[in-house]
Each structure stands twice: as structure tokens, then as C-alpha cells.
Amino acid sequence: MVLLQYTCHFSTLRFFCLHPSSPTPLRRRSFTVRSTSLPFPKHKATYHRELEAAVDVVERACRLCIDVKKSLFSDEGRVLDKNDQTPVTVADFGVQALVSLELSKLFPSIPLVAEEDSAILRSNNLVDSVASAVADNATSGFGDEPLTHSDVLEAIDRGGKDAVVFCTKPATYWVLDPIDGTRGFLRGSEALYVVGLALVVEGEIVLGVMGCPNWLEDKPCTSTTSMQEYESNQAGSGIIMVSHVGCGTWTKKLSRYGDFLSTLVSGTTSMISLYVGYGDFRFRLCKYLMVATGRASVFILRARAQTIIKAWDHAVGIICVHEAGGKVTDWRGSPIDLDADQAERRAIFPSGGVLVTNDNLHHQIVEMISSRSSIF
């Protein structure tokens, strides 16, 4: 079940930032930083090289998604179903291959943890389509020879299960969700979907980039009772959301040459209550995006103890919300442990589920869950 309540007085916000050190954390203010790379001085960002690369590759990945979607419903065989019955497209594989190729070229020693593997492509005749989509959006630097099928398949599997085995010590690695909201991506309407990339260093998420091609700039809205209706009305130029530990959360239009804008998030500017029941894991990063921008106050994900929750569905959202001044914990109020899956770093095990808020509601909700857990 998804339950939403809206107020229709969104301010025009293109980026949202709430620094924990701010003496007046709920005051709204905005400012523009003209930049072709990062919105803050590089000396303040330890991982500025990695972040610049992440912004560039997520922008390219979003363009790949847009290109694929234009022809999604015209080419037979373009859409596949994985074993778990969730739809997967050429765009999912293309994004993972593109991100893997670009990051491995720049940071060959940093492994990738991602959602897809190439097994389904190897049993279907879609490798040409994926390779073409990747080649159209990749940077130069792969040599004079075109990308081969082997290059693309190996790039996808670099992020797949069993590609790397971690030791028990904290590690450095990328976490990628090629497309969060694939079902929305597959719909004919302009539903929301997100490309999400984060970097984890010794158990801490240090940077994150989310690209949402269909994000609509804030405008007055009408009340609605479903996420689907809200998403079907979205048709904008898209945004890129950028976070770096200690530097805030920023956004700009989905354009390499767009300006970065930052606004402090106020917990009173919009009221969207999200409750996601057992087994409903759709549009997770989209909901993090809403909380980070101030469109949503709360995102609650309820999960049974045996439920496997994937790291890529939350990692980038966690840092974007944290650096915007919000808070993400499990239902007991404890931080999300990305090192819980010591061998593969592919799963997280939050007690009871995940609670995402604009912070000023967090303690009250944790107390309510603790005292009345039987109702959830």
C-alpha cells in the first residue's frame, strides 16, 4: 500500500542542501553556483575526482535511458523479464556496462557492486542493442577499435554477483542501481525513474549522484492519492542530484552545462507521507529524491526479518538525504550498515525496515514504531 498526502505550495527548487552544521537548519534560502564540474571548491571535497567522474557518467547514463526509451516500444524483443518477474530492458544493461567501462578506465582498482549480470543477454539476441547504446554514449579513450560484445558483457559482469569477494574489513567500492523504477521506465507515460551511483569508503558513503530524466520542476499541483498518478504527471527536463560528505546536496538540470542550485530544505514546506507495506520495493530512489528535495517528509519501508534488501536500492539515497539535512536509519533508529554482507556487500539488513525523514520527524516516528510496533 502506498499512501500519500500532498500540499500544493512547492517552491521552485532546483537543488536542495541542508548542512548539519547550519545554525538555522529550517530556514529556507537559495543560491546559485555557476560551475561546469562541481558546485563547491575542490579542496573541500576529498573525493572530487571520483565525484566529477560520477556526475559525468550518470549524465551519460540518463541520455542512454532517454535514447532507449524512444525506441522501447517499437523494437520487438526490447523488453525482457528476469527470473524474479521484474522487467529489465536494454537500458538497464546499457547503463551498467557504460558506468562500468567509464569508471574502470579512470579508477581500475575500485570494484563495482551493481544489480545486473549478463546471463540473460547471453541467452537472448540483445547484445548488439546494448553495445550500440553504450557506444553512442561512451567517452573516447577505448582505443581505435569499436566496443566488442565481449567488452560489453565483461563490463556488465564486473558489477555482477561473484565478480569480487570482499574481506571482512571495510572496503572501497562503487554501488550502482542502473535504473530504479524500471516499471515506471517501461510505461508509456513520463513516470519517474532514477539512475543511482554512490561511492563507499571503509563503510561510509562518501558521495552520491542521482539522475532523474523525467523530474518536473516544482509547480502548483492538485491533490492525488497515488504515487502512480503523481508520476504520470511528471514531464520535465530532468535533474542531476549530487552529494559529497560534508559538502551538502546539490542539483542541476540534466545538462552538462547547467548551473548548480542549492536550497536549504525545510520540513514544513511540503507534506507527503509515504507508507510502503510489506514487499513493495518500487521507486525507492525516487522516494529518497523526494525527501532530499523537500517534496516528501517521510518515506517508510517495512521489511520482514528474512527480506533481502539490496544495497544499490538505498546507498545513493542515504547520502543525498543525509547531506540535505535529513536522516536515514532502520526502525530502531540505528544507522544502515553497508558492511553487514561481508562477502559481497550486496545486501543490507536493517532491523524492521528503513525509515527516511527530513530529521525533525525522525525521533517521534522511531518512538511511535517502538511503542506501537504491533500496528505495523
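As a reminder, the structure under discussion sits directly above these lines.
Values in this document were obtained by computation on a predicted structure and should not be read as measured data.

Calculation rules
Residues numbered from 1 in each chain as written. Predicted model: local features only at pLDDT ≥ 70, side-chain atom pairs only at ≥ 80, totals over all residues. Heavy atoms only, no water. Core = buried A, V, L, I, M, F, W, Y, C linked by side-chain atoms within 4.5 Å. Buried < 20%, exposed > 50% of the residue type's maximum accessible area, 1.4 Å probe, protein only. Helix = DSSP H or I, 4+ residues; strand = E, 2+ residues; numbered from the N terminus. Contact = heavy atoms within 4.5 Å. Phe/Tyr/Trp six-rings, centres within 6.5 Å; stacked < 30°, edge-to-face > 60°. Salt bridge = Lys/Arg side-chain N within 4 Å of Asp/Glu carboxyl O.

Engineer: Before we move on, could you go through the nonpolar core and cite the residues and values that matter?
Structural biologist: Core analysis: the largest hydrophobic core is formed by 60 residues, its most contacted members being Trp-174 and Leu-197. Ranked by residues supplied to this core, first place goes to helix α1 (residues 48-70) with 11 residues. Beyond its immediate sequence surroundings of up to four residues, Trp-174 is in contact with Glu-50, Ala-54, Leu-103, Phe-107, Ile-110, Pro-111, Leu-112, Val-113, Leu-197, Ala-198, Leu-199 and Leu-207. In terms of nonpolar packing, the next biggest core, distinct from the first, is built from 43 residues, Val-113, Ile-239, Ile-318 and Val-328 among them.

Engineer: Quick one: what's the story with the packing of aromatic side chains, residue by residue and with numbers?
Structural biologist: Summed over all chains, the structure comprises five aromatic pairs. A ring pair is formed by Phe-40 and Trp-250, whose centres lie 6.5 Å apart and whose planes are at 55 degrees; its orientation type is tilted. Taken together, the residues span a long stretch of sequence, with Phe-40 in the loop between β1 (30-33) and α1 and Trp-250 in strand β9 (residues 248-253) at a distance of 210 residues. Its relative accessible area of 9% is what places Phe-40 among the buried residues. Ring geometry for Phe-166 and Tyr-173: centres 5.1 Å apart, planes at 55 degrees, overall tilted. As far as burial versus exposure is concerned, Phe-166 and Tyr-173 are alike and both buried.

Engineer: Provide a residue-level description of helix α8 (residues 284-293), including the pertinent values.
Structural biologist: Taken across its 10 residues, α8 has 10 buried, putting it largely inside the fold. Taken together, the buried positions of α8 are Arg-284, Leu-285, Cys-286, Lys-287, Tyr-288, Leu-289, Met-290, Val-291, Ala-292 and Thr-293. One or two steps after α8, the chain reaches Gly-294, where phi turns positive at roughly 90 degrees.

Engineer: Describe the pattern of salt bridges, with residues and values.
Structural biologist: The tally for this structure, following the rule as stated, stands at nine salt bridges. Residue Asp-339 pairs with Arg-345 through a salt bridge whose shortest N-O separation is 3.1 Å. We classify Asp-339 as buried; its relative accessible area is 16%.

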